[in-house]
Amino acid sequence: MDFFDKTGKMAIGSRLRLLTDHLTVDAANIYRLYGNNFKPKWFPVFYVLAEGEAKTVTSIAHEIGHSHPSVSNIVKDMKAHGLIADNTEHSDGRCNLVRLSEKGIGMVASIKETCDDVGMAVDGICRETVHDLWRAIDEWERLLTEKSLLQRVKETRKMREKEDIAIIPYQPYHNELFKSLNEQWITQHWEVEPHDLELLDHPKECIIDKGGFIFVATYKGKPVGVCALCKMEDPVYDYELAKFAVSPKAQGKGIGILLCEAVVNKAKELGAKKLFLESNTLLKPAIHIYRKIGFKELSEYHPAYERGDIQMELTI
């Protein structure tokens, strides 16, 4: 169709729905061809009950992959058309069971004959096609169970956006950005502390001139994130990963992990053996990034900031 040629794979749901609608109309006519007043949507429930065993709505839903409300509505509709018997119960009366009525049982042979003929007709279509749709559907279901289309689109989007991300060295004109981004996340939960202001007001003197480094992340050329590598005078740790902040408008694009990786790589380049950081567990996205790149939580620590409730280290 011209429409689907224009939209491409974006309209896969619409195209499958159109195919489903076409097949559903055919299915209704096929049941009538065999003399059965039977709705296509009943088939999955009818099929499992045709084995003869009474089942609960829950077990039917689980077996055919439908929701409980969906199966419940189908059962009610089938019962209204005389295909479902009055509910029976277990001996303790706790659980209603569903089974076919005498009328329903009487249709089993005819529906089975219909299934056999439809199966052969579908096999004929498969032989006429280059691609086996039945197998393709099975593959799609398996792959989408492993990873949903939503997750795949998120990953694709992130990969595309990653091409617009650049990590560059800090320049004096980034002073205001460095301060504003850090103050923004700090003041969401806490107050800016004197040690914060010392670093944020004088990044060149307090970080760079002391042997540290600052990276700036840009997205489509606009600065949106910062992260510092601060030299430490410590017998164990060479540098501290600090003052990590990404603009809320640019979060979710993978910018944070690229910034932190740039800082860690710089530390390696400078010959560092161990890195340190202090944070707060409220900052779940940041903690997730730290753990992802290898930082481990320290069992004992002494916070330098009032807001600090977690300290971590990374052995390079």
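It should be noted that the structure appears before, not after, this text.
Because the structure is predicted, anything quoted here is derived from the model rather than measured.

Student: Before we move on, could you go through the layout of surface pockets and cite the residues and values that matter?
Tutor: Its boundaries defined by the atoms lining it, the largest pocket holds a volume of some 1800 Å³. Surrounding the largest pocket, 36 residues form its lining, L23, V118, V122, W134 and I137 being those nearest its centre. Of all the elements in the fold, those that place two or more residues in the lining of the largest pocket are α2 (12–33), α3 (43–49), α4 (57–64), α5 (68–80), α6 (102–128) and α7 (133–146). Broken down by class, the residue content of the lining of the largest pocket amounts to 22 nonpolar, eight polar and six charged. The computed volume of the second largest pocket comes to approximately 1000 Å³.

Student: Give a detailed account of the packing of aromatic side chains, specifying residues and quantitative values.
Tutor: Applying the stated rule across the entire model yields ten aromatic pairs. For the pair F38 and F46, a centre-to-centre distance of 5.2 Å together with 85° between the ring planes defines the contact as edge-to-face. Residue classification places F38 among the buried positions, given a relative accessible area of 5%. Here the aromatic rings of Y290 and F295 are separated by 6.1 Å at their centres, their planes lie at 65°, and the arrangement is edge-to-face. Among the residues examined, F295 registers a relative accessible area of 2% and is labelled buried. Of the aromatic side chains, those joined through ring pairs into one cluster are Y31, F38, W42 and F46. Looking at K231, its charged tip hangs above the ring of Y239, at a distance of 5.3 Å from the centre. Above the face of the F213 ring, K266 is positioned so that its terminal group lies 4.4 Å from the ring centre.

Student: Would you mind going over a nonpolar patch on the surface in detail, with residue names and values included?
Tutor: Together, L16, L19, L23, L133, W134 and I137 make up an exposed nonpolar region whose accessible area comes to about 630 Å². Among the secondary structure elements, those contributing two or more residues to the nonpolar patch are α2 and α7.

Student: Give a description of the state of the cysteines that names residues and reports values.
Tutor: Inspection of every chain in the model, using the stated rule, returns zero disulfides. Sulfur of C227: no disulfide; nearest cysteine sulfur belongs to C260 and is 4.6 Å away. What makes C227 buried here is its relative accessible area of 0%. With no disulfide partner, C230 has as its closest neighbouring cysteine sulfur the one in C227, 8.8 Å distant.

Student: Can you lay out the sheet that holds strand β7 (residues 274–279) for me, pointing to particular residues and giving the numbers?
Tutor: Backbone-to-backbone hydrogen bonds pair the strands of a sheet. The strands run either parallel or antiparallel. The sheet built from seven strands is open, its strands ordered β3-β4-β5-β6-β7-β9-β8 with mixed pairing. Edge strands, defined here as strands with exactly one partner in the open sheet, are β3 (165–169) and β8 (296–297). One ladder, built from six bridges, connects β7 with strand β9 (residues 310–315); its direction is antiparallel. Bridge pairing links K274 to T315 in β9.

Student: Kindly report on the nonpolar core, identifying the contributing residues and their values.
Tutor: If you look at the biggest cluster of nonpolar residues, it comprises 53 residues, and the most contacted ones within it are L241, F244, I255, L275, Y290 and F295. If one sorts the elements of this core by residue count, helix α12 (residues 255–269) sits on top with nine residues. Formed by 21 residues, the second largest nonpolar core is a distinct cluster that contains Y31, L83, L100 and I111.

Student: So what's going on with α12? Which residues, and what values?
Tutor: An ideal rise of 1.5 Å per residue puts 21 Å on 15 residues; α12 measures up with 21 Å between its terminal C-alpha atoms. Counting buried positions over the 15 residues of α12 gives eleven, a clear majority of the element. Those residues of α12 that fall on the buried side of the exposure criterion are I255, G256, I257, L258, L259, C260, A262, V263, V264, K266 and A267. Phi for G271, located one or two positions after α12, is positive at around 85°.

Student: Give a detailed account of unusual backbone geometry, specifying residues and quantitative values.
Tutor: A positive phi is found at K220, a non-glycine position, where the angle reads about 55°. Following the sequence through the fold, K220 ends up in the loop between β4 (213–219) and β5 (222–231). The residue K243 is not glycine, and still its phi comes out positive at about 50°.

The rules behind the values
Residues numbered from 1 in each chain as written. Predicted model: local features only at pLDDT ≥ 70, side-chain atom pairs only at ≥ 80, totals over all residues. Heavy atoms only, no water. 1 Å grid on protein atoms, 1.4 Å probe; cavity = no way out; pocket = protein on both sides within 12 Å on 5 of 7 lines; lining within 4 Å. Points joined across faces, edges and corners; volume = space filled by probe spheres on them. Helix = DSSP H or I, 4+ residues; strand = E, 2+ residues; numbered from the N terminus. Nonpolar A, V, L, I, M, F, W, Y, C, P; charged D, E, K, R; others polar. Phe/Tyr/Trp six-rings, centres within 6.5 Å; stacked < 30°, edge-to-face > 60°. Buried < 20%, exposed > 50% of the residue type's maximum accessible area, 1.4 Å probe, protein only. Lys NZ or Arg CZ within 6 Å of the ring centre and 35° of its normal. Patch = residues over 30% accessible without salt bridge, like charges linked within 9 Å, V, L, I, M, F, W, Y side chains within 5 Å. Areas by Shrake-Rupley, 256 points an atom, 1.4 Å probe, with all protein chains shown as cover. Salt bridge = Lys/Arg side-chain N within 4 Å of Asp/Glu carboxyl O. Disulfide = S-S within 2.5 Å. Pairing = 2+ DSSP bridges. Core = buried A, V, L, I, M, F, W, Y, C linked by side-chain atoms within 4.5 Å. Expected span 1.5 Å × (residues − 1).

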